[in-house]
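# Close look at the chain arrangement
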Amino acid sequence: MTKIAIITGGSRGIGRDTALQLARKGLDIIITYKSSEEEASEVVSVISEIGSKARAFQLDLGKPIGTFDVFISNVSEYLKKTYGEAKFDYLINNGGIGGHTSVAEASEEEFDLMVNVHFKGVYFLTQKLLPFINNKGGIVNISSGLTRRTFPNTSTYATVKGAVEVFTRVLAAELNEKKIRVNTVAPGAIQTDFNGGVTRDDPKMNQAVSSITALGRPGLPEDVGGVIAFLCTDNAYWINGQRLEVSGGMAL
Ligand SMILES: NC(=O)c1ccc[n+]([C@@H]2O[C@H](COP(=O)([O-])OP(=O)(O)OC[C@H]3O[C@@H](n4cnc5c(N)ncnc54)[C@H](OP(=O)(O)O)[C@@H]3O)[C@@H](O)[C@H]2O)c1
């Protein structure tokens, strides 16, 4: 039977590439976007050309209360209509935003946004989608290399990503009965629109990242998407509760 993956933040960057790589492996795809409806439609078209079914839904991880129920109801209705039952196989918690403020200057608003998008949103979206995940399915949570290597001005972002890594391990332990595997992928600096596209567009940042990366360059979305896609295969069945850093050997 065709497997189905839901990827949050699939309109751009790492999520987009993950969606395409999973479609090339024969999975059907549901992506979410926050505001880039056009980009999301383009991803759906490319996936259709690959030969898989795809659909995009709007979702704001920063507003977990109330809005998630509408999202879940839309997705389950789509699944029922398309496949006969509201079930899917893999959840990729990828959607997110960057943040760069010192502890001294961080506002409560910025703190709350980071917690909501990267932790509370991930936590409750996962909780609400759990009943729909098939046995032997999987969850991949996207964290960051910044939970291992510490830089100033990353406290709100790195701290919530750290929470996601602990969440991953607890969830893997709790989902043993259903044989659902839960893993973290922690990318290094990747050339996407993230943080205003700084890793891609700023030569100084590009050089700084290259100089501390064993493979000598920043990562590309396809360096990460392929690894996430691999985790959504039976070949990765024995990988569970792990944090996999995908950075070309950054700050070893
Ligand atoms: N790029 C890096 O260097 C890097 C490094 C480590 C970890 N990561 C992590 O990798 C993940 C993907 O990052 P990326 O580099 O691919 O970023 P990106 O190119 O900026 O794409 C971000 C994606 O997340 C979605 N998104 C943004 N805010 C959202 C919200 N409030 N609710 C739901 N979705 C939202 C965006 O939707 P719209 O298109 O509609 O805005 C977009 O699809 C993030 O979790 C990020 O923290 C990235």
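So, how was this worked out
- Residues numbered from 1 in each chain as written.
- Predicted model: local features only at pLDDT ≥ 70, side-chain atom pairs only at ≥ 80, totals over all residues.
- Heavy atoms only, no water.
- UniProt positions renumbered as here; feature names shortened; annotations may be inferred.
- Near = heavy atom within 4 Å.
- Polar contact = N/O pair within 3.5 Å; in protein donor to acceptor, adjacent residues only side chain to side chain.
- Areas by Shrake-Rupley, 256 points an atom, 1.4 Å probe, with all protein chains shown as cover.
- Helix = DSSP H or I, 4+ residues; strand = E, 2+ residues; numbered from the N terminus.
- Phe/Tyr/Trp six-rings, centres within 6.5 Å; stacked < 30°, edge-to-face > 60°.
- Buried < 20%, exposed > 50% of the residue type's maximum accessible area, 1.4 Å probe, protein only.
- Lys NZ or Arg CZ within 6 Å of the ring centre and 35° of its normal.

Per an unreviewed UniProt entry, the chain carries the name SDR family oxidoreductase and comes from Maribacter cobaltidurans. Per UniProt, the chain has the following entry under Sequence similarities (unreviewed entry): "Belongs to the short-chain dehydrogenases/reductases (SDR) family."

## Focus on the site of the ligand
The full set close to the ligand counts 32 residues, and Ser11, Ser35, Asn94, Tyr157 and Thr192 are the nearest of them. Within the contact set of the ligand, an oxygen atom lies 2.8 Å away from a backbone nitrogen or oxygen of isoleucine 14. Contacts to the ligand include isoleucine 190, whose backbone N or O atom sits 2.8 Å from an oxygen atom. Surface burial for the ligand is 95%, taken as the share of its 900 Å² of free accessible area covered by protein chains. Among the elements of the structure, α1 (13–24), α4 (108–129) and α5 (155–174) are those that each provide at least two residues to the shell around the ligand.

## Let's talk about the packing of aromatic side chains
Per the stated rule, a full pass over the model turns up eight aromatic pairs. For the ring pair phenylalanine 57 and tyrosine 78, a centre distance of 5.8 Å and an interplane angle of 70 degrees mean the geometry is edge-to-face. Of this pair, phenylalanine 57 sits in strand β3 (residues 54–58) while tyrosine 78 sits in helix α3 (residues 64–83), and the two are 21 residues apart along the sequence. Each of the two residues, phenylalanine 57 as well as tyrosine 78, counts as buried. We note lysine 136 situated over the ring of tyrosine 237; from NZ or CZ to the ring centre the distance is 5.1 Å.

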